[in-house]
Amino acid sequence: MAVDYAAESESFEWDIPEGYNIPAVIESHADAFGDRVALKFRDADGGREERTYGDLRDDMNRFANALESMGVGKGDRLIHLLPRDPDVFAVQLGALKRGALLVPSSSMLKPKDIAFRANDCKATTAVVHESLVGMVDEVRDETPLSNFVVLGGDADDADGWTSFSDLVADASAEHDGPDLRAEDPMSINYTSGTTGQPKPVRHRHRWMRCFELVNAPYWWGVTADDDLSEELLWATTGTGWAKWFWSPVGVGLTTGATQFVYRGDFEPDTFLDIMEEEGVTRLCAVPTQYRMFAQRDLGSYDLQLTEALSAGEPLNREPIEAFREAFGVIPRDGYGQTETVALLTNYPGIDVKPGSMGKPTPGLGTTIIDENEEVVGVDEIGEIAVPVGCPGIFDGYYEKPNLDEKTFSGDYYRTGDLASRDEDGYFFFEGRADDIIISAGYRIGPFEVEDALVSHEAVAEAAAVASPHEERGSIVKAFVVLIDGYEGSDDLVEELQAFMKEQTAPYKYPREIEFVAELPKTSSGKIRRIELRSQERD
Ligand SMILES: CC(=O)SCCNC(=O)CCNC(=O)[C@H](O)C(C)(C)COP(=O)(O)OP(=O)(O)OC[C@H]1O[C@@H](n2cnc3c(N)ncnc32)[C@H](O)[C@@H]1OP(=O)(O)O
């Protein structure tokens, strides 16, 4: 249903009950409509599973009981590395019911990345898919981790690991957890910065309520009061990203919708087939996926799609036109970060301007400011910012008071993303204010790429920047200075790329490498990535 933007912007209120928490929401959904399907799952081999809201409540409580028996309680940190699996909600909700903080992590992380996160937030429990146990085992002795839970497979094969299914098999489906409030911490998502290691973004339980109040109506076009019986929501994101909270948990579970989860690699034809077979009505994917869909014969698919959403990088005209022509559905871009809810959306019913991220969502006060915190004029470029204190944004990093002070000392939280606004109030993405690389929906810190590259024996120095790319928006390009005695060649490019996929989460590997004699630097010796970046854009 179309949103009356002016009226909603005028009347919006943050209605966040003091005792709000998502486990309590699941309990109440199960009481109200326990038989409603919450999750339709399918794997790459065609295996299917369904869970109702009643099942989710029981799964949650069983795992909460298991965690209690392992000594996990309020404030403890639980890191998970899980593919999209029907038990992911059980793990997440069970941990939250114990009052633990979730530390979602991508299945692509390497041992070094896992050790960094576990040590940084002093995680004590790891819940890991069987295929990733080896990654944790390599570094577990260097971390505070003491509880190890393996999902899938046979725990007897994994020394020191307890099987998730064994843990929940005889556990009670009732659990009396600690008192949880909307202001209690619930999660730590690591997000890449320009310098140094990823930063631990801490959110509170209210975050999920904010998704229900903002992302659900002003982007997905659903509310808990709607008749959702004919709806099937599919957000293609992985469980290790904040986007998992943004949609499957923050919209799907909070509104009591039925959602689809697929465990399998992205392949455009397969995904289109699945949408047709499962009857997906609302899809959320990244622009790279839309661009790949748009290259297929979309007219040959008979989809039940009524809404298509996009996020992660700017969405261009071509896929918008392709979807409109084939399905009569216009993909609507939405913008936000790990630190926030949706700050800008093309809300239901808006007249979409291709390339625009839409307009500020009601309640947030999202604007564009200059370096003096002055709001910029029409068509001027500035930084997207949200007033500090808005409930829809995070209010601190996990145990990083210095970072907190730097981030929240002004009147605004600055996103680091540059944008302009046209005379109709539509926002347009203009790039990053810093060196972060946005590629295929991933945010990649150049330092992490460079740090891994220089650990190769042939590399003296490296600089990583974004380079424009038709399909992925941008790719990571590395400029590399070799150690004396090494010579640049195609073979060395391949060797470095393979090395990078081993050293760090492989989505960060440089898809292009250029060997250079030296890197541009400031007089104090700092690499001038900005020079390399603009060279790529020209
Ligand atoms: C709106 C949102 O959801 S934003 C949420 C957060 N962001 C995201 O979810 C990212 C969304 N993007 C994607 O999922 C992907 O980029 C897609 C689906 C668009 C395209 O996928 P792909 O091109 O197949 O892979 P991806 O971009 O993840 O790159 C990973 C690379 O690492 C490789 N890789 C993956 N796992 C491993 C591994 N274990 N070992 C070695 N290499 C690996 C892949 O083969 C790929 O390299 P290649 O392109 O040279 O083959």
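Residues numbered from 1 in each chain as written. Predicted model: local features only at pLDDT ≥ 70, side-chain atom pairs only at ≥ 80, totals over all residues. Heavy atoms only, no water.

Taking an unreviewed UniProt entry as the reference, the protein is identified by name as Acetyl-coenzyme A synthetase belonging to Haloferax massiliensis.

**Q** Would you mind showing me how to read the domain arrangement of the protein here?
**A** It is common to give the size of an interface as the accessible area that goes away when the parts come together. Segmentation of the protein into domains returns domain 1 (5-421) and domain 2 (443-536). The centre of domain 1, based on its C-alpha atoms, is set 30 Å off from the matching centre of domain 2. The partner domain 2 presents 20 residues to the 22 residues of domain 1 that form the contact. It is Met108, Lys110 and Ser192 that lose the most area in domain 1 upon contact with domain 2, and together they represent 29% of the buried surface on that side. (Domains from an automatic or database assignment. Contact = heavy atoms within 4.5 Å. Buried area = accessible area lost by both parts, 1.4 Å probe.)

**Q** When you look at the packing of helix α3 (residues 53-69) against helix α4 (residues 88-97) in this model, what are you seeing that I'm missing?
**A** The description of two helices packed together rests on the angle between their axes and the distance between the axes. One way to put it is that α3 packs onto α4 with a least axis distance of 7 Å and a crossing angle of 60°. Between α3 and α4, the angle falls in the class oblique. At the point where α3 passes α4, the crossing takes the right-handed sense. Residues Leu56, Asp59, Met60, Asn61, Phe63, Ala64 and Leu67 of α3 pack against Phe89, Ala90, Val91, Leu93, Gly94, Ala95 and Lys97 of α4. Looking at the contact of α3 with α4 residue by residue, the class counts come to 10 nonpolar, 2 polar and 2 charged. (Axes fitted to C-alpha atoms, helices over the stretch in contact; angles between N-to-C directions. Helix = DSSP H or I, 4+ residues; strand = E, 2+ residues; numbered from the N terminus. Parallel < 35°, antiparallel > 145°, perpendicular 65-115°, else oblique. Left-handed = near helix turned anticlockwise from the far one by under 90°. Nonpolar A, V, L, I, M, F, W, Y, C, P; charged D, E, K, R; others polar.)

**Q** Looking at this model, I keep getting lost on the site of the ligand. Mind explaining?
**A** The environment of the ligand is formed by 18 residues, the closest being Ala440, Tyr442, Arg472, Tyr509 and Arg511. Within the side chain of arginine 472, an N or O atom sits 2.2 Å from an oxygen atom of the ligand. A distance of 2.5 Å is found between an oxygen atom of the ligand and a side-chain nitrogen or oxygen belonging to tyrosine 509. Protein contact buries 67% of the 1,000 Å² of open area that the ligand shows by itself. Taken together, the residues of the shell around the ligand break down into 10 nonpolar, 4 polar and 4 charged. Of the domains in this structure, domain 1 (5-421) and domain 2 (443-536) are the two that each give at least three residues to the shell around the ligand. (Near = heavy atom within 4 Å. Polar contact = N/O pair within 3.5 Å; in protein donor to acceptor, adjacent residues only side chain to side chain. Areas by Shrake-Rupley, 256 points an atom, 1.4 Å probe, with all protein chains shown as cover.)

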